[in-house]
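Residues per chain are reported as follows:
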Amino acid sequence: MSGFAAWLKEANYINGEWVAADSGQTIDVTNPANGQVIGTIPNSGAAETSRAVDAAKAAFPEFAAMSLMDRVGLLWKMHDALMDNQAALGELLTIEMGKPLAEAKGEIAIGAQYVRWFAEEARRSKGEIVPPGVNGRRILVTKHPVGVVGMITPWNFPSSMLARKLAPALAVGCTVVAKPATQTPYSGLAWAALAEEVGYPKGVVNIVTGSASKIAGEIMERPEVRKVTFTGSTGIGKLLIRQSADTVKKVSMELGGNAPFIVFDDADLDAAVEGAMVSKFRNAGQTCVCANRMYVQAGIHDAFVAKLAEKTAALKVGDGMTAGVEQGPLVDVAAVEKVEEFVSDATQKGGRIATGGNRHGNGGSFFEPTVIVGATQDMMFAKEEIFGPLAPVFKFETEEDVMAMANDTEFGLACYAYTTDMARVFRLNEGLEYGMIGINSGLITTVEAPFGGVKESGMGKEGGSQGLEDYLDTKYVCIDGI
C-alpha cells in the first residue's frame, strides 16, 4: 500500500469484514485546516456494537490459546507495517486531525514503539510459586487474559492512544471492540486495516464508529466485555465508571489534566523556555499532559516571560501538511471559542496578553499561540483544562507557595519542574500530587514508563510493565497432597 487514501477506510470492521451501519447512515469527517469533507464513516449504534462483541467473544478462546510466540510474531509484523507506512499514516492523521505532519509521523512512530514494547513485555509476564505455610502444598500464582476488552479513544492522539491499548491487549491474548473518536476516526480504522494485513484472526480486532453514547452504552452493558479502557474527559470517565458497576468490569481510565509547569530561580532559563514551548504548543496545546499553568519564580519571571513570548510569537501557524508549520488548527470552532473564553476571563481579572490572544488570520479553527502574564488562582484556567495554544504565566515567591498552588486542583496527571537543586527534586517528588513528574523536561511520555494519573485524572497505567497488568487476571492455585 502507498498513499494515505489506501488507509482511509469508510466502514466498520466487524468479525473480519468491512461493513456499513445497519441504517446506511453516515457521518461526514472534515479536515479542520480547511473545513473540507474528507469522507464519511458509518453512524453505528448498539446493534452493530453487539455483533462486534459477539465476534470478539467467539474469537477469544482460540486467540487466548494461540502460542505466545505466534502472538508476539503478529505484533512484530504490526510494528513493521506501521513503520513501512509511517508517511501515509501520518498524512492521514494530519488531514483528519490537523497537527503538523512531523508530529503526526512521530505519533505513528511511538505507536509502533508501543507495539514493539508490549510484544517484548508479554514474554516477561511471569507468575509465581509462593512458599506455602503448610507442608505438602504448592502455591501457584498465574496470569490470564481478561477476555473481551472495550476501548474508547480520543481525537487528539487518534493513533497512539489506540496503540497503547491494543498492543498490550493483543499481546496477552485479549480480543477487542474499539470505538475511535468521531472527529478523527480514520486513524483508528487504519488499525483494523493493519490487523487485517498482518493476519489477525477474524473477530480479534473489531472497530465500530458512530454514536458515542450508543456504542459505549452497549459495551458497558454487555457482561461479556470484561474490561473497558477509556481515554478522555473526567466527566465521561466518571459516567463509564458508574456504568461499569452493573457488570463489575475491570476499568482503566486516562482522564483530564491540569499540568503545572514550575520554573525556579535556579533553573537553566533557556532549557526551561524550550521545555515550556514543547510542552505547551505541541498539538496546539490539545494534550492532556501539556503545560496548563506556568508558575515562574519571581527572580526569573520577567526574563522567562520575555523569551517565552518571543518564541511563541515566532511559531509558524498553518495547514499541518505545509512544510515548516509548527502549529496547526484546533480540532473545531468550539475549541476556539473555549480558548477565547479563557482569554476573556483572564483579561477581565487583570491578566495581560503578552502575545497572541485572538483568532488567527487563517480563519476557521486557527488560533494565535498566546501568552498571558499576571495569571492568578481565581482565573478559569487555574482550575480547568485549556486544551488550546494558551500559556498563562503565574508569578510565585517560595517553594511552599508553588507546591500548594500546583496541587490546588482535582486533577493529578502530569506536572513539570525546572531546577538544578537536587534536594528540591526529591521534595517535589514527595509533595506534588501527580502520577507523572518531568524534571528539566517538558516531554516525558515514553513506552518504557507507566503513563497515568492520580486523583480525578484516572486509574490504571498505560506503558511500562504496569501497562500489561491491566489486561490480565491473576489466579491462585493451591495444590495439596504433595
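Here the structure is a predicted model, which is why all the values come from computation and not from measurement.

Colleague: Go over the pattern of salt bridges with me, naming the residues and quoting the values.
Modeller: Applying the stated criterion across every chain, the model contains 25 salt bridges. Note that Asp54 is salt-bridged to Arg222, the shortest N-O span being 2.6 Å. With a gap of 168 residues between them, Asp54 in helix H1 (residues 46-65) and Arg222 in the loop between helix H7 (212-221) and strand S10 (225-231) connect regions that are remote in the sequence. Taking relative accessible area as the criterion, Arg222 reaches 12% and is therefore assigned buried. A salt bridge links Glu107 to Lys99; the shortest N-O distance between them is 2.5 Å. Of the two residues examined, Glu107 and Lys99, each falls in the buried class. Among the charged side chains, a network of salt bridges with common partners joins Asp54, Glu218, Arg222 and Glu224.

Colleague: Explain the pairing of strand S6 (residues 138-145) residue by residue, including any values.
Modeller: When strand S5 (residues 128-130) meets S6, the two strands line up antiparallel, connected through 3 bridges. Note on S6: the bridge partner recorded for Glu128 is Val141. In the sheet, S6 pairs with strand S20 (residues 472-479) via 8 bridges, with the strands oriented antiparallel. If you follow Thr142 over to S20, its bridge partner there is Lys475.

Colleague: How would you summarise a negative patch on the surface if you had to cite specific residues and measurements?
Modeller: On the surface, a cluster of negative charge is made up of Asp80, Asp84, Glu196 and Glu197. In this structure, Glu196 sits in helix H6 (residues 186-198).

What counts, and where the lines are drawn
- Residues numbered from 1 in each chain as written.
- Predicted model: local features only at pLDDT ≥ 70, side-chain atom pairs only at ≥ 80, totals over all residues.
- Heavy atoms only, no water.
- Salt bridge = Lys/Arg side-chain N within 4 Å of Asp/Glu carboxyl O.
- Helix = DSSP H or I, 4+ residues; strand = E, 2+ residues; numbered from the N terminus.
- Buried < 20%, exposed > 50% of the residue type's maximum accessible area, 1.4 Å probe, protein only.
- Pairing = 2+ DSSP bridges.
- Patch = residues over 30% accessible without salt bridge, like charges linked within 9 Å, V, L, I, M, F, W, Y side chains within 5 Å.
- Areas by Shrake-Rupley, 256 points an atom, 1.4 Å probe, with all protein chains shown as cover.
- Lys, Arg positive; Asp, Glu negative; His and termini not counted.
- Charge placed at Lys NZ, Arg CZ, Asp CG, Glu CD.

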